[in-house]
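Observations on chain architecture
The lines below spell out each chain.
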Amino acid sequence: MDKLSRQSTKLAGVELITSLRHSDSRGSFSRWFCQQELASLLPRQQIVQINHSISSKQGTVRGMHFQYPPYAEYKLVRCIVGRVFDVVIDLRAGSASFMQHISVELSPEQNTMLLIPPGCAHGFQSLTDNAELLYLHSAFYTPDAEGGLRFDDPALKIDWPLPISCVSERDAQLPLLNQHFSGLKL
Ligand SMILES: Cc1cn([C@H]2C[C@H](O)[C@@H](COP(=O)(O)OP(=O)(O)O[C@H]3O[C@@H](C)C(=O)[C@@H](O)[C@H]3O)O2)c(=O)[nH]c1=O
């Protein structure tokens, strides 16, 4: 029986993956990742890095981040403590949903992770203090290949649910979108 159920979004390849939770008198058990079950979503991919972030203050925003090809990556993002408002923007040239975004709330209670394919930018806002995110990556962190869009770029029209309480210096200085941007060619 599949332990991971999938739900598509309006962005092709961006999927919500929910782990089946087995509960008993001790608590619960669930599968968080399975190469076999997710093979069709992660073709010929290996998870090569796992990252973890803690956002101390409610209202913190991180993002919107991606890696340029050939370091573009799949990311699986899960909130393991607290709650976050998670956002993915489609930057893929020629995509039917080019420059559109989706937002979804992630929390441990939902036991859900978000699959973000290459060519999409990711960011989130913490809805609680001490929100923790766990990331699975299909490519190594490559600082020279890092790209970013400004979280408050009016062109992106992201409706952050809370006042912004904390942003990194780097994220605050990310450039606004160039109107001639025609997308990432993967
Ligand atoms: C992302 C990353 C950062 N670092 C270092 C660089 C820096 O000194 C410190 C903090 O990095 P950042 O400020 O980039 O962390 P942060 O802003 O939390 O970056 C993250 O944002 C979210 C939205 C994502 O989608 C992630 O993939 C990642 O880009 O950690 C690594 O060593 N490895 C990594 O994979």
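For every chain, the first residue of its written sequence is number 1, and the numbers climb from 1 along that sequence. In view of the model being predicted, local features appear only for residues whose pLDDT reaches at least 70, and side-chain atom pairs are presented and counted only at 80 or more, with totals across whole chains, interfaces and linings using the full set of residues. The basis for every side-chain value is the complete set of non-hydrogen atoms in the structure, without hydrogens or water.

Where an unreviewed UniProt entry is consulted, the protein chain appears under the name dTDP-4-dehydrorhamnose 3,5-epimerase, with the organism given as Alishewanella longhuensis. Among the UniProt annotations of the protein chain, the heading Catalytic activity (unreviewed entry) holds the following wording: "dTDP-4-dehydro-6-deoxy-alpha-D-glucose = dTDP-4-dehydro-beta-L-rhamnose". UniProt positions are given in the numbering used here, feature names are shortened, and annotations may be inferred rather than shown by experiment. Quoted verbatim from the Function (unreviewed entry) heading of the UniProt record, the comment on the protein chain is "Catalyzes the epimerization of the C3' and C5'positions of dTDP-6-deoxy-D-xylo-4-hexulose, forming dTDP-6-deoxy-L-lyxo-4-hexulose."

1. Digging into the sheet that holds strand E6 (residues 61-67)
Strands pair in a sheet through their backbones, by hydrogen bonds, and they do so in one of two ways: parallel or antiparallel. Two strands pair if DSSP finds at least two bridges between them. Each helix is a run of DSSP H or I of at least 4 residues and each strand a run of E of at least 2, with the numbering of both proceeding from the N terminus. Strand order in the open sheet formed by five strands is E9-E8-E11-E6-E13, with antiparallel pairing between adjacent strands. Each edge of the open sheet carries a strand with a single partner, namely strand E9 (101-106) and strand E13 (146-148). Pairwise comparison of adjacent strand axes, ignoring direction, gives a mean angle of 25 degrees for this sheet. Two strands pair when backbone bridges link them, and E6 and E13 are joined in this way by three bridges, in the antiparallel orientation. Bridge pairing in E13 links His 65 to Gly 148. Where helices are involved, their axes are fitted lines through C-alpha atoms of the stretch in contact, as for all axes, and angles between N-to-C directions lie from 0 to 180°.

2. A closer look at the sheet that holds strand E2 (residues 15-19)
What the six strands build is an open sheet, ordered E1-E2-E10-E7-E12-E5; its pairing is antiparallel. Only two strands of the sheet have a single neighbouring strand rather than two, namely strand E1 (4-8) and strand E5 (49-55). Within this sheet the neighbouring strands show an average axis-to-axis angle of 25 degrees, counted without direction. Sheet analysis places strand E7 (residues 75-81) next to strand E10 (residues 112-116), joined by four bridges and oriented antiparallel. Across the sheet, Leu 76 pairs through a bridge with Leu 115, a residue of E10.

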